[in-house]
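Chain by chain, the residues run as shown.
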Amino acid sequence: MKTVFQKIIDGELPAEKVFENERVLAIKDIAPHTPVHLLIIPKKHIASISEVTEEDIPLLGECLLIASQLAKQFHIEDGFRVLTNNGTDAGQTVFHLHFHLLGGRPLQHLV
Ligand code: AMP
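About the criteria used
What you see as residue numbers is a count from 1 along each chain, following the sequence as written. Only residues with pLDDT of at least 70 are given local features in this predicted model, and only at 80 or more are side-chain atom pairs given and counted; all residues enter the totals for whole chains, interfaces and linings. Only hydrogens and water are set aside when side-chain values are computed; all heavy atoms of the structure are taken into account. Strands are treated as partners if at least two bridges between them are detected by DSSP. A run of DSSP states H or I qualifies as a helix once it reaches four residues; a run of E qualifies as a strand once it reaches two. Both are numbered from the N-terminal end. In this analysis, axes come from line fits to C-alpha atoms, helices being fitted only over the stretch in contact, and the angle between any two N-to-C directions falls in the range 0 to 180 degrees. Contacts between residues were defined by any pair of non-hydrogen atoms, one from each residue, lying within 4.5 Å. Here a residue is considered near a molecule or strand provided that any single heavy atom belonging to it is located within 4 Å of it. Any pair of N or O atoms that falls within 3.5 Å is considered a polar contact. Within protein, one atom must be able to donate a hydrogen and the other to accept it, and sequence-neighbouring residues count only if both atoms are side-chain atoms. The Shrake-Rupley method, run with a 1.4 Å probe, gives the accessible areas here. Residue values count only the displayed protein chains as cover. Two kinds of site are reported from a 1 Å grid over the protein atoms alone, namely cavities, where a 1.4 Å probe fits but cannot get out, and pockets, open sets with protein on both sides within 12 Å along at least five of seven lines, and residues are called lining when an atom falls within 4 Å of a point. The way we define it, a molecule is inside a pocket or cavity when more than half of its atoms are within 2 Å of that pocket's grid points. Burial here depends on accessible area, computed with a 1.4 Å probe over protein chains only, as a share of the maximum for the residue type. Under 20% is buried, over 50% is exposed, and the range in between is partly exposed. We treat Lys and Arg as the positive residues and Asp and Glu as the negative residues; His and chain ends play no part in the count. We count a salt bridge whenever a side-chain nitrogen from Lys or Arg sits within 4 Å of a carboxyl oxygen from Asp or Glu.

Caption draft 1: Representation of the sheet that holds strand 1 (residues 17–20) in the model. The five strands are arranged 1-2-3-5-4 in an open sheet whose pairing can be described as antiparallel. Each end of this open sheet is capped by a strand with a single partner; those strands are strand 1 and strand 4 (80–83). Across the sheet, the axes of successive neighbouring strands diverge by a mean angle of 15°, strand direction being ignored. In this fold helix 2 (residues 57–73) packs onto strand 1, strand 2 (24–28), strand 3 (36–42), strand 4 and strand 5 (99–103), with an angle of close to 155° to the strand it touches most, strand 3.

Spelled out as structure tokens, the structure:
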């Protein structure tokens, strides 16, 4: 069964897109935790970081570059966080790799 992100990538579900190219889509999170909460989603189906292979290295780098560009575009470049939840115990709910880009308010120190 398709994940919600696969349906968005395939145009079967609406989303507020903030970036798209052939390899990557970025959207606004439907339930934002911070004033700016974007999701950077590789279009290739990869369930999570645990499933990444060597051939995905350029794609992962591109996702981080897009995160940096979006942080500037959304004026949070002075303080933002990029994170991915890996696995149910880490809170992952959608099993299609995505990076949360969070900012717009002071963020609690995690590590
Ligand atoms: P995670 O829990 O790390 O797997 O993150 C999944 C994220 O997807 C959550 O922050 C949800 O709020 C978000 N989400 C779920 N469905 C949608 C949707 N249709 N459009 C935008 N964001 C969504």
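Having seen it, we continue.
Caption draft 2: Local environment of the site of the ligand. As a structural note, the neighbourhood of the ligand is formed by 16 residues, with Asp29, Asn85, Thr93, His98 and His100 the closest of them. Here an oxygen atom of the ligand sits 2.8 Å away from a polar atom, N or O, in the side chain of Asn85. The backbone of Gly91 places a nitrogen or oxygen atom 3.0 Å from an oxygen atom of the ligand. Alone, the ligand offers 500 Å² of accessible surface; in the complex the protein occludes 84% of this. In this structure the site holding the ligand corresponds to the largest pocket.

Caption draft 3: Focus on the environment of Ile27. In this structure, Ile27 sits in strand 2. The buried category is assigned to Ile27, whose relative accessible area is 3%. C-alpha separation for the pair Ile27 and Ile40, spaced 13 residues apart in sequence, amounts to 6.8 Å. If near-sequence neighbours (up to four positions away) are discounted, Ile27 is found in contact with Phe5, Ile8, Ala15, Glu16, Lys17, Val18, His37, Leu38, Leu39 and Ile41.

Caption draft 4: Structural context of the side chain of Asp29. With respect to the secondary-structure elements, Asp29 resides in the loop between strand 2 and strand 3. Despite its burial, Asp29 remains without a salt bridge, the nearest opposite charge being carried by Lys28 at 12 Å. Among the polar contacts listed, one links the side chain of Asp29 to the backbone nitrogen of Ala31, at a separation of 2.8 Å. Apart from the residues lying within four places of it in its own chain, the contact partners of Asp29 are His37, Leu38, Leu39 and His100.

Read these as spatial facts, not as claims about activity.
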